[in-house]
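What the coordinates show
Listed below are the residues making up each chain.
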Amino acid sequence: MAVAENLSPQGDPNAQYLELLQLVERLHRQLLDVVKDELDREGLDDVNSVQALLLFNIGDQELTAGELRTRGHYLGSNVSYNLKKLVEAGYIRHERSAVDRRSVRVSLTDSGHAVRSRLTTLFERQSTSLAAVGGVETDNLPVVNTALTRIERFWADHIRFRM
């Protein structure tokens with residue numbers, strides 16, 4: 001009987017891990033909704049939340065689509081499609097590499113930097129109110145970030161080593 005009491009969802013590692021998986025998925029969707037809301041408030045209807053986060057992640061760098069996939073963990077076709085749309089909308093400039101003509105390097109235009117700046121302002125505003133409004137002490141963020149980084153590495157190792 002005592003064993004069954006210890007297997008409550010609170011103490012059950014399997015239940016906790018499944019809850020983590022659901023939470024990570026919900027957090028990602030919620031982040032996209034937060035970004036979409038900010039874009040709507042700014043009247044930006046020609047860029048979606050995934051594209052805006054792509055602009056945010058490119059920042060001041062000049063990258064290839066492959067580097068974006070590797071660093072941002074975007075799906076290949078997703079990156080290609082969104083980069084094409086962002087080029088068409090004037091948020092990204094692209095240039096073929098002089099060395100490898102198959103490779104295209106992308107960087108932000110002034111319009112792309114403006115979207116990135118809006119997201120930077122949003123995230124800074126959120127970070128300053130995280131404790132007061134969200135009830136999350138910023139002192140806890142390093143521990144949370146370390147745990148999430150380790151989970152990311154665990155998943156990468158799972159794929160790499162076919163665990």
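Now for a description of the structure that goes with this document. Computed from a predicted structure; not experimentally measured.

Quick word on the packing of aromatic side chains
For the coordinates displayed, the defined rule picks out one aromatic pair. Centre to centre, the rings of phenylalanine 56 and phenylalanine 123 are 5.1 Å apart; their planes meet at 90°, and the pair counts as edge-to-face. Of the two residues, phenylalanine 56 sits in helix α3 (residues 49-58) while phenylalanine 123 sits in helix α6 (residues 110-134), which places them 67 residues apart along the sequence. Note that arginine 116 overlies the ring of phenylalanine 56, its terminal NZ or CZ placed 5.2 Å from the centroid.

Description of α3
Residue pairs spaced three or four apart in an α-helix point in one direction, given the helix's 3.6 residues per turn. Taken across its 10 residues, α3 has seven buried, putting it largely inside the fold. For α3, the side-chain oxygen to backbone nitrogen distance between the N-cap and valine 50 is 3.1 Å, and the N-cap itself is asparagine 48. Residue glycine 59 follows α3 closely and has a positive phi angle near 60°.

Quick notes on the packing of helix α4 (residues 65-72) against helix α5 (residues 76-88)
It is at 10 Å that the axes of α4 and α5 come closest, and there the two elements cross at 125°. As far as their axial angle goes, α5 and α4 are oblique. For the crossing formed where α4 meets α5, the hand is right-handed. Contacts from Ala65, Leu68 and Arg69 in α4 reach Gly76, Val79, Ser80 and Leu83 in α5. Across the contact of α4 with α5, the residue classes break down as four nonpolar, two polar and one charged.

Quick notes on the nonpolar core
Grouped together as the largest cluster of nonpolar side chains are 24 residues, with contacts concentrated most on Val47, Leu55, Leu68, Leu83 and Ile92. Residue assignment for this core shows that the elements contributing at least two residues are α2 (13-41), α3, α4, α5, β3 (104-108) and α6. When residues in this core are grouped by element, the largest group, five residues, is from α3. The contact partners of leucine 83, leaving out residues within four places of it in the chain, are Leu54, Ile58, Ala65, Leu68, Ile92 and Val106.

Cut-offs and rules
Residues numbered from 1 in each chain as written. Predicted model: local features only at pLDDT ≥ 70, side-chain atom pairs only at ≥ 80, totals over all residues. Heavy atoms only, no water. Phe/Tyr/Trp six-rings, centres within 6.5 Å; stacked < 30°, edge-to-face > 60°. Helix = DSSP H or I, 4+ residues; strand = E, 2+ residues; numbered from the N terminus. Lys NZ or Arg CZ within 6 Å of the ring centre and 35° of its normal. Buried < 20%, exposed > 50% of the residue type's maximum accessible area, 1.4 Å probe, protein only. Polar contact = N/O pair within 3.5 Å; in protein donor to acceptor, adjacent residues only side chain to side chain. Axes fitted to C-alpha atoms, helices over the stretch in contact; angles between N-to-C directions. Parallel < 35°, antiparallel > 145°, perpendicular 65-115°, else oblique. Left-handed = near helix turned anticlockwise from the far one by under 90°. Contact = heavy atoms within 4.5 Å. Nonpolar A, V, L, I, M, F, W, Y, C, P; charged D, E, K, R; others polar. Core = buried A, V, L, I, M, F, W, Y, C linked by side-chain atoms within 4.5 Å.

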